[in-house]
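What follows is the residue order along each chain.
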Amino acid sequence: MAKTLELQFLNTAGKTVKISIDSPVEPVDQTALNAAMDQILAANIFISTDGDFVAKKGARIIDRNVTDISLG
């Protein structure tokens, strides 16, 4: 089971852009997450194809189960 924290932002074109973080600490501290996303926006260090990150859209934990199947 693989978990990923996905941070969602809007860029200058109004499109959703995402940053994924593998194996996040759970439970997620919403206050710390909100502050971290604010810092990402303030630092303006990420640029997408359609422009700078300009606003927070949301965040979510994605839980993916992978089962290997033996073929031999």
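Here, the structure is the one placed above.
Here we summarise the structure given alongside this text. (Residues numbered from 1 in each chain as written. Predicted model: local features only at pLDDT ≥ 70, side-chain atom pairs only at ≥ 80, totals over all residues. Heavy atoms only, no water.)

Now for the side chain of N11. Here N11 lies in strand β1 (residues 2-11). One polar contact links the side chain of N11 to the main-chain amide nitrogen of K15, over a distance of 2.9 Å. Apart from residues no more than four positions distant in its own chain, N11 is found in contact with V17, S48, D50, G51, D52, F53 and V54. (Helix = DSSP H or I, 4+ residues; strand = E, 2+ residues; numbered from the N terminus. Polar contact = N/O pair within 3.5 Å; in protein donor to acceptor, adjacent residues only side chain to side chain. Contact = heavy atoms within 4.5 Å.)

The full count for this structure, using the stated rule, is 2 aromatic pairs. For the pair F46 and F53, a centre-to-centre distance of 5.8 Å together with 25° between the ring planes defines the contact as stacked. Residue classification places F46 among the partly exposed positions, given a relative accessible area of 34%. (Phe/Tyr/Trp six-rings, centres within 6.5 Å; stacked < 30°, edge-to-face > 60°. Buried < 20%, exposed > 50% of the residue type's maximum accessible area, 1.4 Å probe, protein only.)

Another aspect to go through is the sheet that holds strand β3 (residues 47-48). With respect to topology, 4 strands assemble into an open sheet ordered β2-β1-β4-β3, the strand pairing being antiparallel. The sheet is open, and its two borders are formed by β2 (16-22) and β3, each paired with just one other strand. Sheet topology places β1 next to strand β4 (residues 51-64); 10 bridges connect them, and they run antiparallel. Note on β4: the bridge partner recorded for E6 is R60. Set on the sheet, helix α1 (residues 30-43) makes contact with β1, β2 and β4; between it and β4 the angle comes to about 145°. (Pairing = 2+ DSSP bridges. Axes fitted to C-alpha atoms, helices over the stretch in contact; angles between N-to-C directions.)

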